[in-house]
Amino acid sequence: MSSNIRTLFNNGWTEIAFRWILGITFIYASYYKILSPTDFAKMVYGYNLFPDVLINLIAIFLPFVELISGLSLLLGIYPRSAALIINGLLLAFILILTINIIRGHEFDCGCFSAKETGSPKMMVVRDVIYLIMGLQVFLFNGVRKVCFIHLGKRI
Amino acid sequence: MQWNNIIKEMIFLLGISIISAFTVNFFSPSGIALVGQWDESPGVVASEAKSDVFSGELEIKHVKTAKQIYDKGTAVFVDARSLENFKNGHIKGAESLPLGQFDDLIETFKKKHPADTFIVTYCLGRTCDDSHRLEQLLFDHGYVNVSIFIDGYQGWKAEGFPIE
């Protein structure tokens, strides 16, 4: 069983599938946030974890980290570094969601547009699955398919 | 693992992200201020977007002032929240005009209320700005006598004022 999983995780097709799933997901996730930073800022505020001065800066910067890293994974430009950034973001999301689940903090601004999709627990499960994919992309040592620039070398 | 390269690449990717993020925010009409207004005590929380043209003068900042206006009976209180939230509880006698269904409902609303009607919009409270957005939309449709009750349904309910 474990050797089967190892074979699967060492497979180049698994790497490209995970990389593209993550890339497309993060590009898609950034789209709405870039289009409406004011709604995203309110979501950041709603987590009740960040100082007021950082809320807008996070709302401006984070969607572009998602977009650039997502594009990077999709196009195979520095995929290992992009996967590391994505993994860092996923870890932060999991941590934030878990803290709010534990302390029972649920925010609903009652607004028309700024709404989270899904329950926080489901979002943690989803992010853990993405994190497993991200770790596979980061740790993969074989030849990467459809990859233009990897660790300073053109492939 | 070639950590040197990885760190260089990460700096490169994050650098591009920073430059593009702040450039787009600077030029985009939906861009926001670098620091928003996230303290509930002075008023409604907001990222202070460039597109916001909210006027503080239109805001009713005290629940008791809103109650005085309500008691006079000259104003129509309009609830900007979703119909579902409205049905779960609203200021007694208020009308529902959800922001998300504004285009579908405004013509019926206009037939019922002439342009000089004194309207007070509200939403949940100081964490939402739907009442402000509704005020702008109503203004665009010719309503010039609109105020925004910023403490909204939460503030009203907390004071024990009439709800239904």
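This one's a predicted model, so the numbers in the text were calculated from it and none came from an experiment. (Residues numbered from 1 in each chain as written. Chains lettered and ligands numbered in written order. Predicted model: local features only at pLDDT ≥ 70, side-chain atom pairs only at ≥ 80, totals over all residues.)

Q: Where do I start with the environment of Leu-91 of chain A in this structure?
A: In this structure, Leu-91 of chain A sits in helix H5 (residues 79-102). Between the alpha carbons of Leu-91 of chain A and Gly-118 of chain A there is a distance of 18 Å; along the sequence they are 27 residues apart. (Helix = DSSP H or I, 4+ residues; strand = E, 2+ residues; numbered from the N terminus.)

Q: It is not clear to me how the domain arrangement of chain B should be interpreted in this structure. Could you clarify?
A: Accessible area lost when the parts come together is the quantity often used to give the size of an interface. As assigned here, chain B comprises domain 1 (1-30) and domain 2 (56-158). One C-alpha centre belongs to domain 1 of chain B, the other to domain 2 of chain B, and the line joining them spans 43 Å. (Domains from an automatic or database assignment.)

Q: I keep staring at helix H3 (residues 37-46) of chain A and nothing clicks. Help me out?
A: In an α-helix, one full turn covers 3.6 residues, which means residues spaced three or four apart are oriented alike. Residues and elements named next belong to chain A. Burial analysis of H3 places nine of its 10 residues in the buried class, the great majority of the element. Among all positions in H3, only Pro-37, Thr-38, Asp-39, Phe-40, Ala-41, Lys-42, Val-44, Tyr-45 and Gly-46 are buried. Phi turns positive, to about 55°, at Asn-48, one or two residues after H3. (Buried ≥ 20, exposed ≤ 12 C-beta atoms within 10 Å, placed from the backbone.)

Q: Which parts of the structure should I look at to understand the interface of chain B and chain A?
A: With 36 residues of chain B at the interface, the matching set in chain A holds 33 residues. Sorting elements by how many residues they give to the side of chain B that touches chain A places helix H1 (residues 3-27) of chain B first, with 14 residues. Among the residues making up the side of chain B that touches chain A, the classes are represented as 20 nonpolar, 12 polar and four charged. (Contact = placed C-beta atoms within 7 Å. Nonpolar A, V, L, I, M, F, W, Y, C, P; charged D, E, K, R; others polar.)

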